[in-house]
Amino acid sequence: MPAETSAELTVRTADAMRDLGRRLAGLLRPGDLVLLTGELGAGKTTLTRGLGEGLGVRGAVTSPTFVIARVHPHLSGGPALVHVDAYRLSGGLDEMEDLDLDVSLPESVIVVEWGDGKVEELSEDRLHVVIHRAVGASAADAADVAHAADDTDDVRSVRVTGVGARWAGVELSSQLG
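Nothing here was measured: the structure is a model prediction, and the numbers come from that model.

J.: Sorry, what's going on with the packing of aromatic side chains here?
T.: The relation between two aromatic rings is expressed through the spacing of the ring centres and the mutual angle of the planes. In the structure shown here, the tally under the stated rule is one aromatic pair. The interplanar angle of 55° and the centroid separation of 4.7 Å between the aromatic rings of Tyr87 and Trp114 together place this pair among those described as tilted. Placement of the pair is Tyr87 in the loop between β4 (80-85) and α3 (93-96) and Trp114 in the loop between β5 (108-113) and β6 (126-133), with a sequence separation of 27 residues. Classification of Trp114 as partly exposed rests on a relative accessible area of 23%.

Spelled out as structure tokens, the structure:
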């Protein structure tokens, strides 16, 4: 089993989710694969928008749900951001092969929404970001959240896990917290 490192974060607003994306971008380099998991409306695209800002890529980062993938070139020679939405894809890596992600990976940062169980074979080294909404939490948890934030619908619990040698020794908690 590959080595893992992880961080648990509470994100209270959409702006804070975008800021997390900007901080996360500071850890990324060409060849990195990032898998985003979370229900509809959890903040996956908002996080990716922050990643794009932090990486310094061109173009507005929006959900690629209907086009499946968008490439955002870097403005000054850094890695491109390849933003993929695998929600509509039912197959695994076979179905993803048409996107040529394996060709793009060495010189890009690839972010795949809904990628769990579909693209892990692209790289032994990857970053998993799982976003949970606080809605539906227990009454005690909801009271804690309500005390800390005005709108509990915006509060997210985010777990960032680095898998593989690439992430060994990276202190995600201190870098992202």
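Here the narrative resumes, following the displayed structure.
J.: Even after reading the chapter, I still don't get the sheet that holds strand β7 (residues 156-163), so can you show me in this structure?
T.: The strands making up a sheet associate through hydrogen bonds between their backbones, and the pairing can be parallel or antiparallel. Read across the open sheet, the seven strands follow the order β1-β7-β6-β2-β5-β4-β3; overall the sheet is mixed. Each edge of the open sheet carries a strand with a single partner, namely β1 (4-11) and β3 (69-72). Neighbouring strand axes in the sheet, compared pairwise and without regard to direction, differ in orientation by 15° on average. Judged from the six bridges that link them, β4 and β5 form a sheet pairing that is parallel. Bridging across to β5, Val82 finds its partner in Ile110. This element, helix α1 (residues 14-25), spans β1, β6 and β7 of the sheet and lies at about 155° to β1. Its contacts with the sheet put helix α2 (residues 44-55) on β2 (33-38), β4, β5 and β6, and the angle it makes with β5 is roughly 170°.

J.: Would you take a moment to explain the pattern of salt bridges for this structure?
T.: Pairing is possible between side chains of opposite charge, provided their charged atoms come close. Under the criterion given, the structure shown has seven salt bridges. Here Asp19 and Arg23 are joined by a salt bridge, their closest N and O atoms 2.5 Å apart. Of the two residues, Asp19 and Arg23 are both situated in helix α1; the distance of four residues between them amounts to about one turn of the helix. With a relative accessible area of 31%, Asp19 lands in the partly exposed category. By relative accessible area, Arg23 is classed as partly exposed at 30%. The partner of Arg22 in a salt bridge is Glu53, and the shortest N-O contact between them spans 2.4 Å. Here Glu53 lies in helix α2 and Arg22 lies in helix α1, a separation of 31 residues in the sequence.

So, how was this worked out
The residue numbering used here restarts from 1 in each chain and proceeds along that chain's sequence as written. Reporting of local features is limited, given that this is a predicted model, to residues whose pLDDT is at least 70; pairs of side-chain atoms are given and counted only at 80 or more, and all residues count toward the totals for whole chains, interfaces and linings. The side-chain quantities take in all heavy atoms of the structure and omit both hydrogens and water. Each aromatic pair joins two rings of Phe, Tyr and Trp (for Trp, the six-membered one) with centres within 6.5 Å, and gets the label stacked for planes under 30 degrees apart, edge-to-face for over 60, and tilted for any other angle. Working definition: helices are DSSP H or I runs of at least four residues, strands are E runs of at least two. Numbering for both runs from the N terminus. Only protein chains enter the accessibility calculation, which uses a 1.4 Å probe; a residue is then buried when its area is under 20% of its type maximum, exposed when over 50%, and partly exposed in between. We call two strands paired when DSSP finds no fewer than two bridges between them. Each axis is a line fitted through C-alpha atoms, taken for helices only over the stretch in contact, and angles between the N-to-C directions span 0 to 180 degrees. Two residues form a contact once any of their heavy atoms are found within 4.5 Å. By definition, a salt bridge exists where a carboxyl oxygen of Asp or Glu is found within 4 Å of a side-chain nitrogen of Lys or Arg.

Function cannot be inferred from these measures alone, as they are strictly geometric.
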